[in-house]
Amino acid sequence: MSQVADRATTKQDLTAGFDSLDRETRVERLPLEGRLPDWLHGSLVRTGPAKWEVGEQTMRHWFDGFAMLHRFGISGGEVSYANRFLETRAYRAAQEKGEIVYSEFATDPCRSLFARVVSMFSPKLTDNANVNLVKLGERYITMTETPIPVEFDGETLETVGVAYKPPGMLTTAHPHLDRASGGMLNYAAKIGARNSYRFFELAPGVEKPEVVGTLPVKEPAYMHSFGLTERWLVLAEFPLVVNPISIPLSGRPYIENYRWKPERGTRFTLIDRDSGEATGPFETDPFFCFHHVNAYEENGAVIVDVCTYRNAQIVEDLYLDRLREGKPADRAEMRRFRIDLASRKVTSEQLSEGLELPRINYGRNNERPYRYAWGVDVESGWLDRIVKVDTEERTSISWSEDGCSPGEPVFVAEPDSSAEDAGVLLSVVFDARSGNSFMLVLDAADLTEVARAEAPHHIPYGFHGQFLK
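Residues numbered from 1 in each chain as written. Predicted model: local features only at pLDDT ≥ 70, side-chain atom pairs only at ≥ 80, totals over all residues. Heavy atoms only, no water.

### Quick notes on the pattern of salt bridges
Next up, step 1: Within the structure shown, the criterion is met by 35 salt bridges.
Next up, step 2: A salt bridge links Arg-29 to Glu-78, with the nearest nitrogen and oxygen atoms 3.2 Å apart. Of this pair, Arg-29 sits in the loop between β2 (26–27) and β3 (32–34) while Glu-78 is found in strand β8 (residues 78–85), placing the two residues 49 residues apart along the sequence.
Next up, step 3: Residue classification places Arg-29 among the exposed positions, given a relative accessible area of 57%.
Next up, step 4: The exposure class of Glu-78 is partly exposed, given its relative accessible area of 33%.
Next up, step 5: For Glu-393, the salt bridge goes to Arg-371, with nearest N and O atoms at 3.9 Å. Taken as a pair, Glu-393 in the loop between β30 (383–390) and β31 (395–399) and Arg-371 in the loop between α6 (362–365) and β29 (372–378) lie far apart in primary sequence, 22 residues in all. (Salt bridge = Lys/Arg side-chain N within 4 Å of Asp/Glu carboxyl O. Helix = DSSP H or I, 4+ residues; strand = E, 2+ residues; numbered from the N terminus. Buried < 20%, exposed > 50% of the residue type's maximum accessible area, 1.4 Å probe, protein only.)

Below, the structure written as structure tokens:
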């Protein structure tokens, strides 16, 4: 089933969504089609890469671009817009020197062997927090996979400074929120003579994270997210691994030090949220994943739903030159893994042929059984439709429009409703026909269009955002 607007449809070039954006602006009222729900008040705030060129240099990967914040404010049935670069050390240094100064995900400034050796003892880690953001208490924090999360003002988007220091050198930009404390749960990989994953909690109003569990590891795996149930932190180690000591001496950017070792398989480990003790590993076939969808416990088993790839080719697919040439990217599959604690067996099944950048009714269903997931999918070679997956019926519906590429659909629950899918989806869509982007509002239940608000320019393809009240 597809809900497609009645508009002139022509095939357009979606690669312009990877063009850099230098413009910062603020618009009090955007052109709006449709009518917003009376109950919808707050802001859709997104972070993502916006600028890949510095002087004569171009960054190499989609994940490398300098972070920009975008805020769609919703109030009284109207929508405002503002955008602003995150004033990080990496961004300021590039502006001042006219060259790339800090190492990014797949871009490393040319440095001498001496400089690389020195970096072992004083690493010059980027603070280019272009992946995701959270609201922790009254603080707004944006983050990437290096341990330098950045706090910003939720109204003006002004950069405040480093938010806190995770207990490790590599972390995720996909923390979970603890229902009881309101704190933030995450993990960081500590690199040194003895490598380990350190799980930590950061309570609202607290500056220093508390380590709640430690898991030794010889070769850390690249993991972009993790799962959470009411009892367990769920770690899925894919066989894309690194020998950390090789990184500063290799002369290669961060991600190119990782190696795909399918013979290792994928290993699930469960960390007790109360005691910090680990159970596992539970082993299964090799696969790769960026995003967990949800996890929960059921009849002596742990259920883990993730967006999977057969291997790590997707990392290569997202290099900027490939994307700007319009080369297709691999397609993610939504799979359910069942970890039987008694038998230690892991089984899996497909839930949907295509789903990436997944969202659920997080406040209601994270850590718990759920039915619906929303995300994006690819049919044309690049993300071109929003999908809703029914995990009980194993069915899906979609929204698409020719010449348009939607971003992650953020679910906003309708107040006082008992239905899991009652609410709206907010997605930033690049429209190749006009060269601009718009905020799309869909009914989360059936994916019919509710409204759209036209931005004053294109918004480069980004990753994640949150609806903040």
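### Describing the packing of aromatic side chains
Between two aromatic rings, the relevant description is the distance of the centres plus the angle of the planes.
Next up, step 1: Summed over the entire model, instances satisfying the criterion amount to 34 aromatic pairs.
Next up, step 2: Look at Phe-105 and Tyr-254: their rings are 5.9 Å apart centre to centre, the planes differ by 70°, and that puts the pair in the edge-to-face class. A residue pair is termed long-range when its members are at least 10 positions apart, and Phe-105 in the loop between α1 (89–97) and α2 (113–121) and Tyr-254 in the loop between α3 (247–250) and β21 (259–260) qualify at 149 residues.
Next up, step 3: Taking the relative accessible area as the measure of exposure, Tyr-254 reaches 18% and is therefore buried.
Next up, step 4: Ring centres 5.8 Å apart and planes at 85° place the aromatic pair Tyr-187 and Tyr-197 in the edge-to-face group. Linking Tyr-187 in strand β15 (residues 184–190) with Tyr-197 in strand β16 (residues 196–202), this pair joins segments that are 10 residues apart in sequence. With respect to class, Tyr-187 is no different from Tyr-197; both count as buried.
Next up, step 5: One residue, Arg-344, lies across the ring of Phe-282, its end atom 4.7 Å from the ring centre.
Next up, step 6: The aromatic ring of Phe-438 is capped on one face by Arg-452, whose charged end is 4.3 Å from the ring centroid. (Phe/Tyr/Trp six-rings, centres within 6.5 Å; stacked < 30°, edge-to-face > 60°. Lys NZ or Arg CZ within 6 Å of the ring centre and 35° of its normal.)

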